[in-house]
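Here's the letter readout for the chains.
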Amino acid sequence: MSLSKKMEGALNDQLILEDYASNLYLSMASWCESQTLDGCAEFMYRQADEERMHMLKIFHYINEVDGHALSPGIDQPPHNWPSVQEMFHEVYQHEQKVTSAINNLVEVALAEKDHSTYNFLQWYVDEQREEETLMRTILDRIKLIGDGPQSLYYIDKEVRTINAKAEKAESI
Ligand code: OFO
């Protein structure tokens, strides 16, 4: 089987989005470290690696089905955030954007009657649901912890715990 040009183009566009997410999260990891938010940094480093893996999985798929995967260009992500709360809010918004891009890809696969790509994309549909839930959990905890004087300490501790759980769940 081979990819239609439309499907190939849409998958190549997704490579750009996944790669940008990886760069954005790497930049966030670095900012967290600069703020001595080491738990948040660990979380963002792991997310950056995951996004790179998401990008590569699509990359290999395109070539496997006789398309041509195009190595995505690098756009500079932001390097600073006004607060860790706002940073996580941006992560959540980015994940929502990726979810809607994945949904569009599924629509293209259906319109092209490309059942192989449709099946391949179901992994991403599940992954986006999990990632949105994870980011919402973090935002809810941040809201609960509030803005008190020690909030950063507790936010960082909480994110470290969430990260350890997510890491464990992935290794099962
Ligand atoms: Fe690639 O899952 Fe998030 O963006």
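Our subject is the structure that appears above.
Bear in mind that the values here come from a model prediction, so they are computed numbers and not experimental data.

**So, the overall build of the protein chain**
When helices and strands are counted, the protein chain shows five helices and zero strands. Secondary structure elements in the protein chain, listed N-terminal to C-terminal, are α-α-α-α-α. Relative to its length of 172 residues, the protein chain is compact, with a C-alpha radius of gyration of 17 Å against a globular reference of 16 Å. Each principal axis of the C-alpha atoms in the protein chain carries an extent, and together these give about 60 × 30 × 25 Å.

**Re the packing of helix H1 (residues 5–34) against helix H2 (residues 38–64)**
Their axes nearest at 8 Å, the elements H1 and H2 cross at an angle of 165°. Taken together, H1 and H2 sit at an angle that is classed as roughly antiparallel. Viewed along their axes, H1 and H2 form a crossing whose handedness is left-handed. For the contact of H1 with H2, the residue count by class is 18 nonpolar, six polar and seven charged.

**Focus on the packing of aromatic side chains**
Under the counting rule described, the total for this entry stands at six aromatic pairs. Taken together, the ring pairs in this structure connect Tyr61, Phe120, Trp123 and Tyr124 into an aromatic cluster. Over the aromatic face of Trp123 sits the side chain of Lys57, whose NZ or CZ is 4.2 Å from the ring centroid.

**Section: the nonpolar core**
It is characteristic of soluble globular proteins that their nonpolar side chains tend to be buried jointly. Judged by nonpolar contacts, the single largest core of 27 residues is most densely connected at Met44, Met87 and Phe88. Within the residue set of this core, elements represented by two or more residues are H1, H2, helix H3 (84–111), helix H4 (115–145) and helix H5 (151–171). Sorting elements by how many residues they give to this core places H1 first, with seven residues. When neighbours within four sequence positions are excluded, Phe88 is seen to be in contact with Cys40, Phe43, Met44, Ile138, Leu139, Ile142 and Val159. The next biggest cluster of nonpolar side chains, apart from the first, holds 23 residues, and it includes Leu11, Phe59, Val65 and Ala69.

**Looking at the environment of Arg136**
Considering the arrangement of structural elements, one finds Arg136 in helix H4. Taking the C-alpha atoms as reference points, Arg136 and Phe88, 48 residues apart in sequence, are found 9.1 Å from one another. Within the structure, Arg136 has its side chain in polar contact with the side chain of Tyr92 (distance 3.2 Å).

**Examining the environment of His115**
Mapped onto the secondary structure, His115 falls in helix H4. Assessed through its relative accessible area of 55%, His115 is described here as exposed. When the C-alpha atoms of His115 and Tyr154 are compared, they prove to be 46 Å apart, with 39 residues separating the residues in sequence.

**Here we look at the side chain of Asn163**
Topologically, Asn163 is positioned in helix H5. Among all residues touching Asn163, those that are not within four sequence positions of it are Glu42, Phe43 and Arg46.

**Brief notes about unusual backbone geometry**
A positive phi is found at Thr36, a non-glycine position, where the angle reads about 50°. With respect to the helices and strands, Thr36 occurs in the loop between H1 and H2. What makes Thr36 exposed here is its relative accessible area of 64%. In this structure, Asp66 takes a positive phi of about 70° despite not being glycine. Here Asp66 is to be found in the loop between H2 and H3.

**Brief notes about the environment of Phe120**
Following the sequence through the fold, Phe120 ends up in helix H4. The exposure class assigned to Phe120 is buried, which follows from its relative accessible area of 15%. Distance in space between the C-alpha atoms of Phe120 and Tyr154 is 39 Å, their sequence separation being 34 residues. Apart from the residues within four sequence positions on either side, Phe120 is in contact with Lys57, Ile58 and Tyr61.

Calculation notes
- Here, residues in each chain are numbered from 1, in the same order as that chain's written sequence.
- Local features in this predicted model are restricted to residues whose pLDDT is 70 or higher, and side-chain atom pairs enter the listing and the counts only when it is 80 or higher, whereas totals over whole chains, interfaces and linings include all residues.
- Hydrogens and waters are ignored; side-chain quantities use all the structure's heavy atoms.
- By definition, any uninterrupted DSSP run of H or I lasting at least four residues is a helix, any uninterrupted run of E lasting at least two residues is a strand, and each is numbered from the N terminus.
- Between the two quantities, the radius of gyration covers C-alpha atoms and the globule rule is 2.2 Å times the number of residues to the power 0.38.
- An axis is simply a line fitted to the C-alpha atoms; with a helix, the fit covers only the stretch in contact. Between two such axes, the angle follows the N-to-C directions and lies from 0 to 180 degrees.
- Working rule for angles: under 35 degrees goes down as roughly parallel, over 145 as roughly antiparallel, 65 to 115 as roughly perpendicular, anything else as oblique.
- The sense of a crossing depends on the near helix, which, turned anticlockwise from the far helix by less than a right angle, makes the crossing left-handed and, turned clockwise, makes it right-handed.
- Charged residues are taken to be Asp, Glu, Lys and Arg, nonpolar residues to be Ala, Val, Leu, Ile, Met, Phe, Trp, Tyr, Cys and Pro, and polar residues to be all remaining types, Gly included.
- Centres within 6.5 Å are what make two rings of Phe, Tyr or Trp a pair, Trp counting through its six-membered ring; a difference in plane orientation under 30 degrees is then read as stacked, over 60 as edge-to-face, and the rest as tilted.
- The rule for a charge over a ring is simple: NZ of Lys or CZ of Arg within 6 Å of the ring centre, and within 35 degrees of the ring normal.
- Residues grouped as a nonpolar core are buried Ala, Val, Leu, Ile, Met, Phe, Trp, Tyr and Cys residues, joined through side-chain atoms within 4.5 Å.
- Each residue is assigned to one of three classes by its accessible area relative to the maximum for its type, calculated with a 1.4 Å probe on protein chains only: buried under 20%, partly exposed between the two thresholds, exposed over 50%.
- Residues are treated as being in contact if the distance between any of their heavy atoms lies within 4.5 Å.
- Residues adjacent in sequence count toward polar contacts only when both atoms are side-chain atoms; beyond that, a polar contact is any pair of N or O atoms within 3.5 Å, and within protein one must be able to donate a hydrogen and the other to accept it.

Remember that the coordinates give geometry; whether it matters functionally is a separate question.
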